[in-house]
Amino acid sequence: MHPSARRVQAALEAGGVGARVIETGETARTAADAAATLGTTVGCIVKSLVFMAGDEPVLVLTSGTNRVDVGKVASVLGVDGVRRATAAEVREATGHPVGGVAPLGHPRPLRVLCDADLLRHDEVWAAAGTPDTVFPVPPDELVRITGATVADVAE
Ligand code: 5CA
């Protein structure tokens, strides 16, 4: 398995989550791809998106069917504004490429916000550090292991 996916698996185990990282064997670069590959709905795919609050990268976990409202993110963080990270900033902050960003297993801890809509599902699927790896997790466990703040961040 790719070293990034192994680090995600190790972080899950360290957090006491029994989830196993799965190699899909085909690309799951977007939430729609991932849902099709897994035979699940787009709403229970976790998008792990990086935003910049000044120089600080912030990870926002949102449902595959939602779009993030940057104004709401800024207001939860108590800053004037945030912008989407560039692909290079995503790689720098997470160690993962766009399309494979995992919610955990990063080189440095990131501030994490979690879209409240994800908590409507019994189980959600997130990327594990590469575009062809994923893992299933109950959303409350995802919140716990990422130290996320649950907030209304969707448009
Ligand atoms: N593996 C899937 C599902 S788990 C996945 O990672 N989906 S995702 O939504 O979290 O990642 C794809 C997202 O990356 C897109 O929704 C888009 O918001 C973002 N993205 C695409 N291109 C770029 C880019 N050039 N720079 C920064 N972000 C980008």
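All of the points below concern the structure found in this document. (Residues numbered from 1 in each chain as written. Predicted model: local features only at pLDDT ≥ 70, side-chain atom pairs only at ≥ 80, totals over all residues. Heavy atoms only, no water.)

## Here's the deal with the layout of surface pockets
Taking a probe equal in size to a water molecule and rolling it over the atoms shows the remaining empty space. Using the following cut-off: A 1.4 Å probe that fits but cannot get out identifies a cavity on a 1 Å grid over protein atoms alone, an open set with protein on both sides within 12 Å along at least five of seven lines counts as a pocket, and a residue lines either if it has an atom within 4 Å of a point. Grid points are joined across faces, edges and corners, and a volume is the space filled by probe spheres set on the points. Here a helix means four or more residues in a row that DSSP labels H or I, a strand means two or more in a row labelled E, and each is numbered from the N terminus. Polar here means any residue outside two lists: the nonpolar Ala, Val, Leu, Ile, Met, Phe, Trp, Tyr, Cys and Pro, and the charged Asp, Glu, Lys and Arg; Gly therefore counts as polar.
Here the largest pocket is characterised by a volume of approximately 610 Å³. Those elements giving two or more residues to the lining of the largest pocket turn out to be α2 (31-38), β2 (46-53) and β6 (124-127). The element contributing the most residues to the lining of the largest pocket is β2, with 6 residues. The residue inventory of the lining of the largest pocket, partitioned by class, reads 18 nonpolar, 5 polar and 6 charged.

## Examining the site of the ligand
Our working definition: We define proximity as follows: a residue is near a molecule or strand when any one of its heavy atoms falls within 4 Å of that partner. Polar contact is the term for a pair of N or O atoms within 3.5 Å; when the atoms are in protein, one must be able to donate a hydrogen and the other to accept it, and sequence-neighboring residues count only if both atoms are side-chain atoms. Each molecule is checked against the cavity or pocket grid, and it sits inside if more than half of its atoms lie within 2 Å of the grid points.
Around the ligand, the surrounding shell holds 18 residues, and the nearest of these are Ala28, Lys47, Ser48, Arg84 and Gly99. With respect to the ligand, the backbone of Arg29 contributes an N or O atom lying 3.5 Å from a nitrogen atom. Contact distances for the ligand include 3.1 Å between an oxygen atom and a backbone N or O atom of Ser48. When atom positions are compared with the pocket grids, the ligand is found to occupy the largest pocket. Among the secondary structure elements, those contributing two or more residues to the shell around the ligand are α2 and β2. Ranked by the residues each element gives to the shell around the ligand, the list is headed by β2, at 4 residues. Residue composition of the shell around the ligand, by class: 10 nonpolar, 5 polar and 3 charged.

## Comments concerning the sheet that holds strand β5 (residues 111-115)
Stated precisely, the cut-off is as follows: When DSSP finds at least two bridges between two strands, those strands are taken to pair.
Judged by pairing direction, the sheet is mixed, and its 5 strands sit side by side in the order β4-β2-β3-β5-β8 without closing on themselves. Because the sheet does not close on itself, it has two edges, and the strands there are β4 (83-84) and β8 (149-151). Bridge analysis of β2 against strand β3 (residues 56-63) gives 8 bridges, and the strand direction is antiparallel. The residue of β3 that forms the bridge with Lys47 is Thr62.

## Here we look at the pattern of salt bridges
In plain terms, the rule: In the sections that follow, a salt bridge refers to a side-chain nitrogen of Lys or Arg positioned within 4 Å of a carboxyl oxygen of Asp or Glu.
One pass over the full model with this rule turns up 7 salt bridges. Put simply, Arg67 and Glu155 hold a salt bridge, and the shortest N to O gap is 3.4 Å. Taken together, the residues Arg67 in the loop between β3 and α3 (70-77) and Glu155 in the segment after β8 connect sequence positions 88 residues apart.

## Overview of the sheet that holds β6
One open sheet holds the 3 strands; their spatial order is β1-β7-β6, and the pairing between them is antiparallel. Strand pairing shows two members of the sheet lacking a second neighbour, β1 (22-23) and β6, which therefore form its edges. For β1 and strand β7 (residues 133-137), the ladder comprises 2 bridges, and the chain directions are antiparallel. Across the sheet, Glu23 pairs through a bridge with Thr133, a residue of β7.

## Looking at α2
Note the cut-off: Each residue's exposure class comes from its accessible area (1.4 Å probe, protein chains only) as a fraction of the maximum for that residue type: buried when under 20%, exposed when over 50%, partly exposed otherwise. Relevant arc is that of directions from the helix axis to the C-beta atoms, nothing else. In what follows, a contact means two residues having at least one pair of non-hydrogen atoms within 4.5 Å.
Of the positions making up α2, those classed as buried are Ala31, Ala34 and Ala35. Seen from one end, α2 has its buried residues packed into an arc of 100°, which puts them on one side. Buried residues in α2 make contact with β2. Where α2 terminates, the next one or two residues include Gly39, which has phi positive at roughly 70°.

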